[in-house]
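# A closer look at the structure
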Amino acid sequence: MRRVYVNEEWCLGCHLCEYYCAFAATNGTDMARALRDTKINARIKIEENDQISFAVSCRHCTEPYCVKGCLTGALTIADGIILIDREKCIGCYTCILSCPYGAISPSEDGAVQKCELCARTAGEAPMCVKGCPNEAIVFEERG
Amino acid sequence: MAVNYLYPEYEVARNYDRCIACRVCERQCANEVHEYLPDANKMTCDDSKCVNCHRCVSLCPTRALKIVRSGNTYKENANWSRKTIDELYKQAGTGGVLLSSMGNPEDYPVYFDKLLLNASQVTNPSIDPLREPMETTVFLGAKPQDIRRDNFGRLLTDIPPHLKLSMPVMFSAMSYGSISYNAHESLARASEALGIFYNTGEGGLHEDFYKYGKNTIVQVASGRFGVHKDYLNSGAAIEIKMGQGAKPGIGGHLPGHKIVGDVSRTRMIPEGSDAISPAPHHDIYSIEDLRQLVFSLKEASNYTKPVIVKIAAVHNVSAIASGIARSGADIVAIDGFRGGTGAAPTRIRDNVGIPVELALASVDKQLRDEGIRDNVSIVVGGGIRSSADVIKAVALGADCVYIGTAALMALGCHLCRSCHGGKCNWGIATQVPKLTKRLNPNIGFKRLVNLMTAWQHEIKEMMGGMGINSIESLKGNRLMLRGVGLNEKELEILGVKYAGE
Ligand code: SF4
Ligand code: SF4
Ligand code: SF4
């Protein structure tokens, strides 16, 4: 299955991926209109210090702790992609605590949010990958 | 505080209707122009630091930015341009020599733009490059003077060492140090993929790049940085740099802050020490001296590699080239006054040297007149911007061209001409790790390959139009050129007729 992989050597810490992620969630057509005067809460996040930066998003594990731990069955696996049903989520944050990558985060409306590889918003490569200027994140099959 | 005489030359124009305060511009500008104001959730900027490199413009995800000329103007004066006034104020403030980078940007004639190409009509058929084979391969090196046979009358076909190129373009000398590791890797990988050559410049060759040796020209310059036996033998050819178009007659100076880590190791000089290349080679004061170096290098490389001698295009260029053609060199490279540099005194860059078109035409003619044109191949650089320039240079007599600026532009260079500041926002002319990583060679080499592939298509198209199916038959074929807007003397030097003649 194709996943988002990180080439941290080339990450500039520009945070564009976060903005493209947030933009993808709005289903908008113009980023300026969609994101102006908002504070974004992206599902991909840059970890950085002075030396290094890299993007972290859901790894879409084959045996995901989050799915195992979810009390309500809000997290499911479909074609290898781990999806969140925001209607079913009760905001208990069990998944947030169990994800070893810190890839799940709270959202404004109580339900958790996570990367779904843009499965619901677009085709092809996820928006973060398309928006990265330096191929620091790539969408590919790596066995 | 002293009065600041200088008003910023550029302004950052931000469209606040489109700005989403993502701070990408702030993070990407090494000149610290942009700043985020958390209280207002708004961006602001200090235009005075902007060098107009367009990094922020290119990366802003909402196209909220552009850089515009600041409207501030001095009283109009045809004699004192804004640039002249600003430079004078700068010098009165600092007492220093003005420094610049990249090629001469001043308004001198560009002869390539005054030359037009021919095409076939009616009486001679043009060729469709999509249907017919079209040859752009060239060989660089000394050509045999006569037909030689052995005792049995069989033809002797051994010829001096040559470079074989898939098209008549090479990446010109840019040292590791003046440009980044990633820029070098991009050039090396693109040369390998294309079957052409790149040139180490005078900074030695990083050990990681020895594997691209068969597509590398190694340079020996007046500072002799990074030169040792393995280096000389690692490349496909050796270039002696006598001069550079951007700064003929003067040496080089790579400031100590760029001599870090691998750069210092590769140059074989201590970290932090200034790398100073003397103006002349201290062992070359005549063609005879040059000949000694040519043959020392041939000896060191066992006569397996062609030797290039590179000179700047200056007043007596044809006489100098004639000397070089007799020195045992295989290739002469001529660098015109538009040639780029990582740093040069502004007055030198903008006032010394001559256009490469004129230099090329007169060198080619002189060597032909003297019957020694086949002693050497001619490579020209310093002003080649497109495939049309390549074709015109070949028609004027060049075997091949060097491109430097055009190659860097493929890698992202926006000609802001601030290389000497060492903070290139595109990761090219810098050694700061945070900046060099902006140039991912996986992307860079593809862009170089794209550019050259596009040029090759265009070269074939133009050749086909002229009814020529091999670039060799275009070489020195000045009948394929006509001049416009040129005077008698210019036409005479270029050896072309006026349009309509
Ligand atoms: S967009 Fe790419 S380079 Fe920029 S922070 Fe994200 S992963 Fe790094
Ligand atoms: S990069 Fe563009 S959108 Fe982002 S803060 Fe700068 S001007 Fe605004
Ligand atoms: S120096 Fe370059 S990145 Fe900085 S503001 Fe000016 S154009 Fe933008």
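Residues numbered from 1 in each chain as written. Chains lettered and ligands numbered in written order. Predicted model: local features only at pLDDT ≥ 70, side-chain atom pairs only at ≥ 80, totals over all residues. Heavy atoms only, no water.

### A closer look at the overall build of chain A
To keep things clear, this is the line we draw: Counting from the N terminus, the helices are DSSP H or I runs at least four residues long and the strands are E runs at least two residues long. The globule rule used for comparison is 2.2 Å times the number of residues to the exponent 0.38, while the radius of gyration itself is calculated over C-alpha atoms.
Across its full length, chain A carries five helices and eight strands. Listing the helices and strands of chain A from first to last along the sequence gives β-α-α-β-β-α-β-β-α-β-β-α-β. Taken over C-alpha atoms, the radius of gyration comes to 15 Å for chain A, in line with the 15 Å a tight globule of 143 residues would show. Expressed as lengths along the three principal axes of its C-alpha atoms, the size of chain A is roughly 40 × 40 × 30 Å.

### Side note on the interface of chain B and chain A
Operational definition: Two residues qualify as a contact provided that any one of their heavy atoms is within 4.5 Å of a heavy atom in the partner residue. Here's the idea: put two parts together, see how much 1.4 Å probe accessible area each one loses, and the total over both is what we call buried area. For this analysis, a salt bridge means a side-chain nitrogen from Lys or Arg found within 4 Å of a carboxyl oxygen belonging to Asp or Glu. By the criterion applied in these results, polar contacts are pairs of N or O atoms within 3.5 Å in which, for protein atoms, one can donate a hydrogen and the other can accept it, and in which residues neighboring in sequence qualify only through two side-chain atoms.
The partner chain A presents 21 residues to the 25 residues of chain B that form the contact. When chain B packs against chain A, the two sides together hide about 1,900 Å² of surface, and 53% of this comes from carbon and sulfur. Three residues stand out in chain B for area buried against chain A, namely Ile20, Arg27 and Lys437 of chain B, and they jointly supply 30% of the buried area on that side. Summed over the shared surface of chain B and chain A, the result is two salt bridges. The salt bridge partner of aspartate 30 of chain A is arginine 18 of chain B, with a shortest N-O separation of 2.8 Å. Summed over the shared surface of chain B and chain A, the number is six residue pairs in polar contact (both at pLDDT 80 or more). Elements represented by at least two residues in the side of chain B that touches chain A include exactly α1 (24-28), α2 (55-59) and α14 (441-465) of chain B.

### Brief notes about the environment of glycine 465 of chain B
Residue and element names in this part refer to chain B. With respect to the element layout, glycine 465 can be found in helix α14. For the pair formed by glycine 465 and tyrosine 231, sequence separation is 234 residues and the distance between their alpha carbons is 43 Å. Ignoring any residue separated from it by four or fewer positions in sequence, one finds glycine 465 in contact with Ala119, Ser120, Ser126 and Ile127.

### Re the sheet that holds strand β9 (residues 169-171) of chain B
All names here are of chain B. Rule in force here: Two strands form a pair only when DSSP identifies at least two bridges running between them. To define axes, lines are fitted to C-alpha atoms, for helices over the stretch in contact only, and angles between the resulting N-to-C directions are given on a 0 to 180 degree scale.
Reading across from one edge, β9-β19-β18-β16-β15-β12-β11-β10 is the order of the eight strands in this open sheet, with parallel pairing throughout. The strands lining the two open edges of the sheet, one partner per strand, are β9 and β10 (198-199). With two bridges joining them, β10 and strand β11 (residues 216-220) adopt parallel strand pairing. Within β11, the position partnered with asparagine 199 by the bridge is isoleucine 217. Lying on the sheet, helix α8 (residues 317-325) is in contact with β15 (307-312) and β16 (331-335); it crosses β15 at an angle near 165°. Set on the sheet, helix α10 (residues 356-369) makes contact with β16 and β18 (377-381); between it and β18 the angle comes to about 170°.

### Re the packing of helix α4 (residues 181-194) of chain B against α14 of chain B
A pair of packed helices can be characterised by two numbers: the angle between their axes and the separation between those axes. Residues and elements named next belong to chain B. Cut-off, in case you're wondering: Just so you know how the angles are binned, under 35 degrees is roughly parallel, over 145 roughly antiparallel, 65 to 115 roughly perpendicular, and the rest oblique. In this scheme the handedness of a crossing depends on how the near helix is turned from the far one: anticlockwise by less than a right angle means left-handed, clockwise means right-handed.
At their nearest, the axes of α4 and α14 sit 8 Å apart, and the two run at 45° to each other. By the angle between their directions, the pair α4 and α14 is classed as oblique. Of the two possible hands of crossing, α4 and α14 adopt the one that is right-handed. Contact residues: Asn182, Glu185, Ser186, Leu187, Arg189, Ala190, Ala193 and Leu194 in α4; Pro441, Asn442, Gly444, Phe445, Leu448, Val449, Met452 and Thr453 in α14.

### Observations concerning the domain arrangement of chain A
All names here are of chain A. Formally: Where a domain begins and ends is set by an automatic assignment or by a domain database.
Per the domain assignment, the segments making up chain A are domain 1 (1-57 + 122-143) and domain 2 (61-114). At the junction of the two partners, domain 1 supplies eight residues and domain 2 supplies 13 residues. The largest contributions to the domain 1 side of the interface with domain 2 come from Met1, Asn41 and Arg43, which together make up 63% of the buried area. Taken together, domain 1 and domain 2 are joined by zero salt bridges. One can count three residue pairs in polar contact (both at pLDDT 80 or more) joining domain 1 with domain 2.

### Digging into the site of ligand 3
Heads up, the rule is: Proximity is defined per residue: any heavy atom of the residue falling within 4 Å of a molecule or strand makes that residue near it. Polar here means any residue outside two lists: the nonpolar Ala, Val, Leu, Ile, Met, Phe, Trp, Tyr, Cys and Pro, and the charged Asp, Glu, Lys and Arg; Gly therefore counts as polar.
Cys29, Cys50, Cys53, His54 and Cys56 of chain B are the nearest of the 13 residues found near ligand 3. When its residues are assigned to classes, the shell around ligand 3 shows seven nonpolar, five polar and one charged.

### A short note on the domain arrangement of chain B
Residue and element names in this part refer to chain B. Partitioning chain B into structural domains gives domain 1 (10-72) and domain 2 (138-498). A C-alpha centroid distance of 37 Å is found between domain 1 and domain 2. Listed per partner, the contact involves 11 residues of domain 1 and eight residues of domain 2. Counting the surface lost from both domain 1 and domain 2, the interface buries some 890 Å², and carbon and sulfur atoms represent 50% of this. Here domain 1 is connected to domain 2 by zero salt bridges.

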